[in-house]
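# Residue-level structure breakdown
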Amino acid sequence: WFNVRGGRTDQNLVLLNDVPLFNTSHALGFVSAFSQDVIKDFSLYKGNVPANLGGRASSVVEITSRRGDFEKWKYQGGVGPITSRFTAEGPLKTDKTSVLLGGRISHANWALSAASDPDVKKSKLFFYDGFAGLSHRISANSSADVTFYSSQDDFTFSDQFGYSWNNMLINGKWQALADRKASPVLSISYGRFKSTLIDPSGIDASELTNTLNYLQFGETVNYVPDEKHTIVTGVSGIGY
């Protein structure tokens, strides 16, 4: 997806709502695995990475999804030559609970089948990504969020090679404003990354599948003593 300071792709850490995401692109890197309709903001650290985000040698990308609208229902979408997307958001209970649903799916095989090159014509490409977020305002000073993300990539180049990737994660987060300066955050996450390399033809035809499961826990307190300083403290652990 991207390289920083000459580092390899696997030296970049990508976090979606604090959870590591291993497959960050579709279609051999030509399409991002994130729909812009569900993203609130992101930060790119390519040097001086904060200690609480450490874990890669090259860079860290921290992506945060947004919450659904608490006031009224909204819908948006688009149809393109390669992909189509749709997003719905709105309150389950006005000013209290909201939901955000977003999805994108490809329909690119028609473009491959129209190519003049015989190998490209026999190739297949499919991908999707889906997002669901549930947000609840517990009180004026605390809230809880549950987010789910899943993406799939399938690609076969003629009868020469292919791959299949799947990334899924779910995150539960509670955050509060204990006072005007301290904000505790509790987060529990589960993720799974599955990859399959495909050799589709010949006497060596095979499929090799690897699966990585990971469970993460974190407790963080953000303390802002004044306008010029921010202190972040906490504990976290992740098991693979």
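In this text the structure is predicted, and so the values were computed from the model without any measurement.

Thresholds, definitions, all that
- Residues numbered from 1 in each chain as written.
- Predicted model: local features only at pLDDT ≥ 70, side-chain atom pairs only at ≥ 80, totals over all residues.
- Heavy atoms only, no water.
- Phe/Tyr/Trp six-rings, centres within 6.5 Å; stacked < 30°, edge-to-face > 60°.
- Buried < 20%, exposed > 50% of the residue type's maximum accessible area, 1.4 Å probe, protein only.
- Lys NZ or Arg CZ within 6 Å of the ring centre and 35° of its normal.
- Helix = DSSP H or I, 4+ residues; strand = E, 2+ residues; numbered from the N terminus.
- Contact = heavy atoms within 4.5 Å.
- 1 Å grid on protein atoms, 1.4 Å probe; cavity = no way out; pocket = protein on both sides within 12 Å on 5 of 7 lines; lining within 4 Å.
- Points joined across faces, edges and corners; volume = space filled by probe spheres on them.

### Some remarks on the packing of aromatic side chains
- A full pass over the atoms with the stated rule returns 11 aromatic pairs.
- Relative to Tyr-75, the ring of Trp-73 lies with its centre 6.3 Å away and its plane at 15 degrees, an arrangement referred to as stacked.
- Owing to a relative accessible area of 56%, Tyr-75 belongs among the exposed residues under this scheme.
- Taken together, the ring pairs connect Phe-155, Phe-157, Phe-161, Tyr-163 and Trp-165 into an aromatic cluster.
- The ring of Phe-70 has Arg-137 sitting right over it, with the charged end atom 3.7 Å from the ring centre.

### Here's the deal with the environment of Ile-238
- Mapped onto the secondary structure, Ile-238 falls in strand 15 (residues 229-239).
- Under the relative-accessibility criterion, Ile-238 is labelled partly exposed at 36%.
- Between the C-alpha atom of Ile-238 and that of Phe-22, which follows or precedes it by 216 residues, the distance is 15 Å.
- With residues near it in sequence (within four places) discarded, Ile-238 still touches Pro-20, Tyr-214, Leu-215 and Gln-216.

### Digging into empty space enclosed by the protein
- In this structure the tally under the stated criterion is one cavity of 30 Å³ or more.
- Size it by volume and the largest cavity reaches roughly 90 Å³.
- What lines the largest cavity is Leu-16, Ala-33, Phe-34, Ser-35, Val-38, Ile-39, Gly-102, Gly-103, Asp-129, Gly-130, Phe-131 and Tyr-149.
- Taken together, the elements giving at least two residues each to the lining of the largest cavity come down to strand 9 (97-106) and strand 10 (124-139).
- Sort the elements by how many residues they give to the lining of the largest cavity and strand 10 lands first, with three residues.

Honestly, that's just the spatial picture; any functional story needs more than this.
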